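What the coordinates show
Listed below, chain by chain, are the residues.
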Amino acid sequence: MESLRELYKVGNGPSSSHTMGPARAAKVFMGRYPEATSYEAVLYGSLAATGEGHLTDYIIIKTMDPKPVKITWRPEDFRPFHPNAMQFIAYNEANEEIGTWTVYSVGGGSIIEEGQARDEVESVYPNTTMNEVLDVCKEKNWTLADYVYAYEPDIKPYLEEILAVMRESLMNGLVAEGTLPGKLNYPRRAKQFFEQAKANPEDLSILIYAYALAVSEQNACGDVVVTAPTCGASGVLPGVLFALQEREGYSDEQLVDALAVAGLVGDLIKTNASISGAEVGCQGEVGSACSMAAAAVAFLKGASNLHCEYSAEIGLEHHLGMTCDPVYGYVQVPCIERNAVAAKRAYDAAKYAMLTDGYHTITLDQVMQTMKETGHDLMAKYRETAQGGLAKHFAEC
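Read on for an overview of the structure. (Residues numbered from 1 in each chain as written. Predicted model: local features only at pLDDT ≥ 70, side-chain atom pairs only at ≥ 80, totals over all residues. Heavy atoms only, no water.)

**A word on the overall build of the protein**
A count of helices and strands for the protein gives 16 helices and seven strands. In terms of C-alpha radius of gyration, the protein reaches 20 Å, essentially the compact-globule figure of 21 Å for 397 residues. In terms of overall dimensions, the protein has a C-alpha envelope of 70 × 45 × 40 Å along the principal axes. Burial analysis of the protein (397 residues in total) assigns 59% to the buried set. In the protein, of all internal contacts separated by at least 6 residues, the share reaching a separation of at least 24 is 77%. When the accessible area of the protein is evaluated, it comes to approximately 15700 Å², of which 50% is carbon and sulfur surface. For the protein, the distance from the average site of its 31 positive side-chain charges to the average site of its 52 negative ones is 4 Å. (Helix = DSSP H or I, 4+ residues; strand = E, 2+ residues; numbered from the N terminus. Rg over C-alpha atoms; globule rule 2.2 N^0.38 Å. Buried < 20%, exposed > 50% of the residue type's maximum accessible area, 1.4 Å probe, protein only. Contact = heavy atoms within 4.5 Å. Areas by Shrake-Rupley, 256 points an atom, 1.4 Å probe, with all protein chains shown as cover. Lys, Arg positive; Asp, Glu negative; His and termini not counted. Charge placed at Lys NZ, Arg CZ, Asp CG, Glu CD.)

In structure tokens form, the structure reads like this:
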């Protein structure tokens, strides 16, 4: 498994796979062919189908500026390796091709080259299943946070920076008003919900909703957010963590430890299944975020490692089969509401798990494998193409 630095990334929304990944790829390609006078970016599959709504063309052109870039859209062409495929082409002054590169945006802002194996990454953690992690922790008497710090002893300052960015995104979202960009004219609701939360301090749900909405709305307008594990699911984890800090008084240091636990869960899901909506649907984005947040909540409340694992399992299991069907390709409907509801579900998953003795029938490892298989069985139109589900029926209205 990779470093948590490869899971928690800071960047502009609205989509880690459709904006952050392509921007990263464009920058790499420019570095390979700096002598080129112009470029072409051919977008395939999901990147083409929802690229306009996700600002894929905009971010590539902006990244390669001032050199001109031609964007070619091929939404009908799905490559077998991954639905988010790109081909970059470099041209000289005579408009002759001098180099090409095929690359895939595989979720969370990560990119993989054509032909590169998924496991060709720098491994930081020696274990790749939650059951193995639990066994190690039991043997060494570690918490899940201890496990992270044992193998990434220098990660805590980075997580402190991640927490600070999450907080800034949230605070900016709480004061913003108006509508989000795009033809949906989708209204911002975080500020309104926050006012209601202050008027109803006994109801934690409203505050969780407000905080999750704040970050999700900032993501939808292209502001800076943290992939947790993706931009499209960036509101879930900060939504519940900061709400608990506000109402129950947890320190920033405790929240950082909770981020470590959540990151470990996200890393396991990324390694064993997928966090890409284009590959496995929204279960890989909001479902994964809910799983991460549920483990973090249980950890904050002093739960055992087994209870944390059970919380994560519940959070992911009850998002199995969730489609990714963004209306007009924007990360707005149904994405924003899903973040708010999943943040509360994460809290409920932890609360449920902690009412038990921690022992349960289905493991997180089994649910991760199930999620991967379910995602691959989903028809392409339900995997971030805006061609099915809500996207189709809203367009027909």
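**Considering the sheet that holds strand β4 (residues 85-91)**
Taken together, five strands build an open sheet; the order of strands is β3-β2-β4-β5-β6 and the sheet is mixed. At either end of the open sheet lies a strand with only one pairing partner, and these are β3 (69-74) and β6 (110-113). Sheet twist, expressed as the mean angle between neighbouring strand axes with direction ignored, is 25 degrees. Here seven bridges tie β4 to strand β5 (residues 97-107), and the two strands are oriented antiparallel to one another. Considered in β5, the bridge of A90 is made with G99. Strand contacts of helix α1 (residues 16-32): β2 (38-44), β4, β5 and β6, with the helix running at about 150 degrees to β5, the strand carrying the most contacts. Here helix α3 (residues 56-64) sits on the sheet and contacts β2, β3 and β4; the angle it forms with β3, its principal contact strand, is near 155 degrees. (Pairing = 2+ DSSP bridges. Axes fitted to C-alpha atoms, helices over the stretch in contact; angles between N-to-C directions.)

**Side note on helix α5 (residues 144-151)**
Structurally, the α-helix is built with 3.6 residues per turn, so residues lying three or four positions apart point the same way. Listed as buried for α5 are L144, A145, Y147, V148 and Y149. On its buried side, α5 packs onto α4 (130-140), α6 (156-175), α10 (252-272), α12 (286-300) and α13 (305-317).

**Quick look at the pairing of β5**
Buried residues dominate β5, accounting for eight of its eleven residues. Where β4 folds back onto β5 in an antiparallel hairpin, the turn is made up of five residues, including N95, whose phi is positive at roughly 60 degrees. Bridging between β5 and β6 involves four bridges; their strand directions are antiparallel. Along β6, the bridge assignment pairs S105 with I111. Between β5 and β6, which follow one another and run antiparallel, lie two residues, and G108 among them has a positive phi close to 70 degrees.

**Notes on the pattern of salt bridges**
Tallied over the full model, the rule gives 14 salt bridges. Residue E6 is joined to K9 by a salt bridge in which the shortest nitrogen-to-oxygen separation is 4.0 Å. (Salt bridge = Lys/Arg side-chain N within 4 Å of Asp/Glu carboxyl O.)

**Notes on the packing of aromatic side chains**
Inspection of every chain in the model, using the stated rule, returns 15 aromatic pairs. Ring centres 5.9 Å apart and planes at 15 degrees place the aromatic pair Y125 and Y147 in the stacked group. Note that Y125 is positioned in the loop between β6 and α4 and Y147 in helix α5, a separation of 22 residues in sequence. Summarising the burial analysis for this pair, Y125 and Y147 share the class buried. Geometry around Y149 places K156 over its ring, the cationic atom sitting 4.6 Å from the centre. Directly above the ring of Y328 sits K183, whose terminal nitrogen or CZ lies 4.1 Å from the centroid. (Phe/Tyr/Trp six-rings, centres within 6.5 Å; stacked < 30°, edge-to-face > 60°. Lys NZ or Arg CZ within 6 Å of the ring centre and 35° of its normal.)

**Some thoughts on α3**
When α3 is considered as a whole, its buried residues turn out to be T56, I59, I60 and M64. When α3 is viewed along its axis, its buried side chains cluster within an angular range of 120 degrees and face the same direction. Against the buried residues of α3 lie α1, β2, α2 (45-49), β3 and β4. (Arc of directions from axis to C-beta.)

**Remarks on the packing of α12 against helix α14 (residues 335-354)**
For the pair α12 and α14, interaxial distance at closest approach is 8 Å and the crossing angle is 40 degrees. Judged on the interaxial angle alone, α14 and α12 are oblique. Judged by the sense of rotation from one axis to the other, the crossing of α12 with α14 is right-handed. Note on element contacts: α14 touches α12 through R338, N339, A342, R345, A346, Y347, A349, A350 and M354, opposite V286, C290, A293, A294, V297 and A298. A class-by-class count of the residues in the contact of α12 with α14 yields twelve nonpolar, one polar and two charged. (Parallel < 35°, antiparallel > 145°, perpendicular 65-115°, else oblique. Left-handed = near helix turned anticlockwise from the far one by under 90°. Nonpolar A, V, L, I, M, F, W, Y, C, P; charged D, E, K, R; others polar.)

**Observations regarding the side chain of E2**
Mapped onto the elements, E2 comes out in the segment before β1 (10-12). Note on E2: relative accessible area 17%, which makes it buried. Among the polar contacts listed, one links the side chain of E2 to the side chain of K270, at a separation of 3.4 Å. (Polar contact = N/O pair within 3.5 Å; in protein donor to acceptor, adjacent residues only side chain to side chain.)

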